[in-house]
Structures are given as structure tokens and as C-alpha cells.
Amino acid sequence: MRRPLIAGNWKMNTDRASAVALATGVARRASEFAQLDLLICPPAVYLIPAAEAIAGSKAALGAQNMYHEANGAFTGELSAAMLLDVGCKYVILGHSERRHILGETDSAVNKKTIAALDAGLIPIVCVGEMLAEREAGKTADVIRRQFEGSLAGLTAEQAGRVVLAYEPVWAIGTGKVATLDQAEEVHAALRSLLAQRYNRQSADSVRILYGGSVKPSNAGELLSQPNIDGALIGGASLKVDDFLGIAAAAK
Ligand code: 13P
């Protein structure tokens, strides 16, 4: 029913040559994965060469961030229209590194989400608790606050076009993966928030990705959970074999 989405978030990694090599490697084998969506999200400066490298393949291009305004005096920022112009279909918004290192708030993520949807980009809106929040039993509250803050004001139709990503902060880049129960519990909670806030149709159509130390060796069982519809992959997306090994596990 929901088409799996396997997304690589390259973060602030690669250089021009390695970005092109990685994109080319993914594009070459993308046709092996007809039943799922493959996405690469390179650093912004490499979007154009990456777009050229994947042209004609079924791999899609996404950005790691954007600004909500359409244009103007916003030094250093990129608009949704610019991302579309260079071939992006998706944009990652509210990644925990942007929330916790760059100070991005739910309100900022909300403005970006609306601007992305208005422009025709698919936002991948990230939520996730920190270790101290999980240990204090606050995971459900944090997820609900980020969900409601980031998606405030969306219609059910707009909500149905969003991709959500659950990335427990303590599992990102640490090698610590959430247990299947921990991940599925939050994914199911997100889906019931969608059903309560919008409607069953939106809740059933939204893809909810898991992120945090996903590897070929653990992807199969994560992706077999009923409410886990794909993966948002950091470190393992920087190697073609690992990234596509995760995609193979989603088949
Ligand atoms: P890792 O896969 O490196 O843990 O990163 C996850 C992530 O933050 C993807 O957005």
C-alpha cells in the first residue's frame, strides 16, 4: 500500500568527485529496485552534478534543508523554487542536527514544510527524542510536540503529501539502533497522531521512515515492521553497496 522510500542523507560529506561517483553508482543499479523509491540527498553545492549523474535513472534527488521565503535578502539560504529548479523532488526538514546544532525550532520547520508543499516539493519532516528525554519517559510528549509544531496548519490533503522520519537522536551516528519495539511504537504513535489530527486516509498514505544507524544487517527487520515504510540513512548512504544493500532488504 505504501511504497517504501529508501533515502540517503549524505549530510556534510563528500567532495565533488566522490559525490558524482556515489550518485552514479546508485543510478547505475537503481533499476533493480522497481518496487521502491530511492532518494539521494547530497550537500547543496553538489545537487547539480548529482542531478546530472542520476538523470534518466529512477533515483530521485533531495536537499537537506531550505528556507521558507520565496526569494530576497536572506544571505546563505536557498528557496524551494531553487531546489526544484535544479531537479529536487524532496527536501529533508527539521533534521535533529538542524534542530539541536543549528537551533531550528518547530515553528521554523513548520514554515518550511508549508513552503515546500506549496512549491510542490515533498518534505521529509524529522522528529526524534534525545537520550535524556527517552530516559525521563518523555518520548511520546516530545514526538507529539514536534509533530504538532512542525505540521501546524496543514490541511489533511497537505499532510497526506508529507513524509515523516523518526530519528531517535541517541541512535544517530552512534551505532545504537532503536529496538524493533521502540521504533515501531513511535511509528505507530505517529500514525495515530495523523489519524486523530487529519483523517484515516492521510494516516494510511503517509510514509514514516526510520533513521538512526540503519545498516544492511539491521534494515530487514526494521523495514518489516508494519508502520516502518522506509529508512533515512546517514553513514551507510555514503557507500553504494551499503545503501543499496539496505534497499535490497526493503524488497
Ligand atoms: P546515521 O545513519 O549515520 O546514524 O544517520 C542517521 C541520520 O541522521 C539520517 O538523517
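Nothing here was measured: the structure is a model prediction, and the numbers come from that model.

## Things to note about the overall build of the chain
Item 1. Along the backbone of the chain there are twelve helices and eight strands.
Item 2. Its C-alpha atoms give the chain a radius of gyration of 17 Å, within 12% of the compact-globule value 18 Å for 251 residues.
Item 3. When the backbone C-alpha atoms are referred to their principal axes, the chain occupies close to 45 × 45 × 35 Å.
Item 4. A total of 251 residues make up the chain; the buried ones form 52% of that total.
Item 5. A separation threshold of at least 6 residues defines the contact pool for the chain, and within that pool the share at least 24 residues apart is 72%.

## Regarding the nonpolar core
Item 1. In this structure, Ile 6, Leu 38, Ile 40, Met 66, Leu 164, Leu 190 and Tyr 210 are the most contacted members of the largest nonpolar core, which totals 68 residues.
Item 2. For this core, the element with the highest residue contribution is helix α12 (residues 240–250), accounting for six residues.

## Considerations on the layout of surface pockets
Item 1. By volume, the largest pocket amounts to about 520 Å³.
Item 2. Along the wall of the largest pocket there are 22 residues; nearest its centre are Lys 11, Ala 44, Gln 64, Asn 65 and Arg 98.
Item 3. Residue composition of the lining of the largest pocket, by class: 13 nonpolar, five polar and four charged.
Item 4. Its boundaries defined by the atoms lining it, the second largest pocket holds a volume of some 200 Å³.
Item 5. Lys 11, Gly 173, Ser 213, Gly 234 and Gly 235 are, among the 18 residues lining the second largest pocket, the residues nearest its centre.
Item 6. Here the lining of the second largest pocket is built from residues that sort into six nonpolar, nine polar and three charged.

## Considerations on the environment of Ser 31
Item 1. Mapped onto the elements, Ser 31 comes out in the loop between α1 (16–29) and β2 (37–41).
Item 2. On the basis of relative accessibility, which here comes to 63%, the residue Ser 31 falls in the exposed class.

## What about unusual backbone geometry?
Item 1. Even without being glycine, Thr 14 reaches a positive phi, approximately 80 degrees.
Item 2. Of note, Thr 14 is situated in the loop between β1 (5–9) and α1.

Criteria and cut-off values
Residues numbered from 1 in each chain as written. Predicted model: local features only at pLDDT ≥ 70, side-chain atom pairs only at ≥ 80, totals over all residues. Heavy atoms only, no water. Helix = DSSP H or I, 4+ residues; strand = E, 2+ residues; numbered from the N terminus. Rg over C-alpha atoms; globule rule 2.2 N^0.38 Å. Buried < 20%, exposed > 50% of the residue type's maximum accessible area, 1.4 Å probe, protein only. Contact = heavy atoms within 4.5 Å. Core = buried A, V, L, I, M, F, W, Y, C linked by side-chain atoms within 4.5 Å. 1 Å grid on protein atoms, 1.4 Å probe; cavity = no way out; pocket = protein on both sides within 12 Å on 5 of 7 lines; lining within 4 Å. Points joined across faces, edges and corners; volume = space filled by probe spheres on them. Nonpolar A, V, L, I, M, F, W, Y, C, P; charged D, E, K, R; others polar.

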